[in-house]
Amino acid sequence: MTTANRPIARRRRRTRRVARVLLPLSAVLLIIVELCFVVSFAFAFLWLMTHDGCSHPIENSVAFLWCCLCAPLIAVRLWVGRESS
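As the structure is a computational prediction, the values presented were derived from the model and not from experiment.

K.L.:
I'd love a proper account of the overall build of the protein, names of residues and values included.
P.N.:
Secondary structure assignment for the protein yields 2 helices and 0 strands. For the protein, the residues scored as buried account for 11% of the 85 residues in total. Accessible surface, the protein: about 7200 Å² in total, of which carbon and sulfur atoms supply 72%.

K.L.:
Can you tell me about the packing of aromatic side chains, naming the residues and giving the values?
P.N.:
This structure, assessed with the given rule, holds 3 aromatic pairs. Where Phe 37 meets Trp 66, the ring centres are 6.3 Å apart and the plane angle is 65 degrees; that geometry is what we call edge-to-face. One end of the pair, Phe 37, is in helix 1 (residues 6-50); the other, Trp 66, is in helix 2 (residues 57-84), and 29 residues separate them in sequence. Residue Phe 37 is classed as buried on the basis of its relative accessible area, which comes to 14%. Centre to centre, the rings of Phe 41 and Phe 45 are 6.5 Å apart; their planes meet at 20 degrees, and the pair counts as stacked. Here Phe 41 pairs with Phe 45, and both are found in helix 1, just 4 residues apart, close to one helical turn.

Parameters and conventions
Residues numbered from 1 in each chain as written. Predicted model: local features only at pLDDT ≥ 70, side-chain atom pairs only at ≥ 80, totals over all residues. Heavy atoms only, no water. Helix = DSSP H or I, 4+ residues; strand = E, 2+ residues; numbered from the N terminus. Buried < 20%, exposed > 50% of the residue type's maximum accessible area, 1.4 Å probe, protein only. Areas by Shrake-Rupley, 256 points an atom, 1.4 Å probe, with all protein chains shown as cover. Phe/Tyr/Trp six-rings, centres within 6.5 Å; stacked < 30°, edge-to-face > 60°.

Put into structure tokens, the structure is as follows:
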């Protein structure tokens, strides 16, 4: 190996090391995001089932939008993202 190629080889080794560390970290972050998603969906669903619509109209509207529109779209995106990786 010539001296001109040494910095390139060092950079390659360094990027491999970083990739090994970041891969498990990204998997942990994905699990945390999925758990937060499940908890927030459960909370919104329970809110809809236990509160009257007339006394909490804004909160029920937000919970309804989350449960029926946002949460299914996010769930599909997480599912498709997991299958592609």
